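# Structural features, examined
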Amino acid sequence: WNGHTGAPYVAIAFALFVICCLIALDFDAIVVITNLFSCLSALLELLAFLKLRMVEPHLSRPFKIPVENISALVAWLLFPFLLGMFIVLSSLLASLLSVI
């Protein structure tokens, strides 16, 4: 972090590097890569949600999900997790094939 402006200059430089690398690819590959990272972030949110429920089950929350036990919660989140993994793996495969 820059002390004067508060700008994260390392993150900005890394984002610039990634963008410069993406410029060399065609549009379809960029869409696949964007889809991959979007699904990975959604899966990370689901995993963080599950971990928080397991580690801090009695934590005060402003909303209530109508699931009483952890096995029902895992079953409730299994479909989005498997769908996300399918999208991530198919996006990864498509991006590898488009680069080759």
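## What about the overall build of the protein chain?
- Per the secondary structure count, the protein chain includes three helices and zero strands.
- Since a compact globule built from 100 residues should have a radius of gyration of about 13 Å, the 19 Å found for the protein chain marks it as more spread out than a globular shape.
- Out of the 100 residues in the protein chain, the part that is buried amounts to 16%.
- Sequence-distant contacts, at least 24 apart, represent 60% of the contacts inside the protein chain between residues at least 6 apart.
- Counting every atom, the protein chain has about 7900 Å² of accessible surface; 76% of that belongs to carbon and sulfur.
- Positive and negative side-chain charges in the protein chain, numbering 4 and 5 respectively, have mean positions lying 18 Å apart.

## With respect to the confidence of the model for the protein chain
- The pLDDT averaged across the protein chain works out to 79; a share of 94% of its residues lies at or above 70.
- The least confident element of the protein chain, judged by mean pLDDT, is helix α3 (residues 70-99) at 76; the most confident is helix α1 (residues 9-23) at 88.

## Here we look at a nonpolar patch on the surface
- Residues Met 54, Val 55, Ile 70 and Val 74 make up a contiguous nonpolar surface patch of about 350 Å² in total accessible area.
- If you list the elements that add at least two residues to the nonpolar patch, you get α2 (27-55) and α3.
- Along the chain, Val 74 turns up in helix α3.
- The exposure class assigned to Val 74 is partly exposed, which follows from its relative accessible area of 36%.

## Some details on the environment of Ala 13
- If you trace the backbone, Ala 13 turns up in helix α1.
- Put simply, Ala 13 and Phe 49 are 36 residues apart on the chain and 31 Å apart in space, counted from C-alpha to C-alpha.

## Examining α2
- The end-to-end C-alpha distance of α2, which contains 29 residues, comes to 42 Å, matching closely the 42 Å that a straight helix rising 1.5 Å per residue would cover.
- When we look at burial in α2, the residues that qualify are Ala 29, Val 32, Ile 33, Leu 36, Cys 39, Leu 43, Leu 50 and Arg 53.

## So, the layout of surface pockets
- As a volume, the largest pocket reaches approximately 280 Å³.
- In terms of lining, the largest pocket is formed by 13 residues, of which the most central are Arg 53, Pro 57, Lys 64, Val 67 and Glu 68.
- For the lining of the largest pocket, the secondary structure elements donating two or more residues are α2 and α3.
- When grouped by side-chain class, the residues that make up the lining of the largest pocket number eight nonpolar, one polar and four charged.

## A look at the environment of Leu 89
- Structurally, Leu 89 is set in helix α3.
- Exposure remark for Leu 89: the relative accessible area of 51% places this residue in the exposed category.
- On a C-alpha basis, the gap between Leu 89 and Leu 47 in space is 17 Å, while along the polypeptide they are 42 residues apart.

Cut-off values and rules
Residues numbered from 1 in each chain as written. Predicted model: local features only at pLDDT ≥ 70, side-chain atom pairs only at ≥ 80, totals over all residues. Heavy atoms only, no water. Helix = DSSP H or I, 4+ residues; strand = E, 2+ residues; numbered from the N terminus. Rg over C-alpha atoms; globule rule 2.2 N^0.38 Å. Buried < 20%, exposed > 50% of the residue type's maximum accessible area, 1.4 Å probe, protein only. Contact = heavy atoms within 4.5 Å. Areas by Shrake-Rupley, 256 points an atom, 1.4 Å probe, with all protein chains shown as cover. Lys, Arg positive; Asp, Glu negative; His and termini not counted. Charge placed at Lys NZ, Arg CZ, Asp CG, Glu CD. pLDDT = per-residue confidence, 0-100. Patch = residues over 30% accessible without salt bridge, like charges linked within 9 Å, V, L, I, M, F, W, Y side chains within 5 Å. Salt bridge = Lys/Arg side-chain N within 4 Å of Asp/Glu carboxyl O. Expected span 1.5 Å × (residues − 1). 1 Å grid on protein atoms, 1.4 Å probe; cavity = no way out; pocket = protein on both sides within 12 Å on 5 of 7 lines; lining within 4 Å. Points joined across faces, edges and corners; volume = space filled by probe spheres on them. Nonpolar A, V, L, I, M, F, W, Y, C, P; charged D, E, K, R; others polar.

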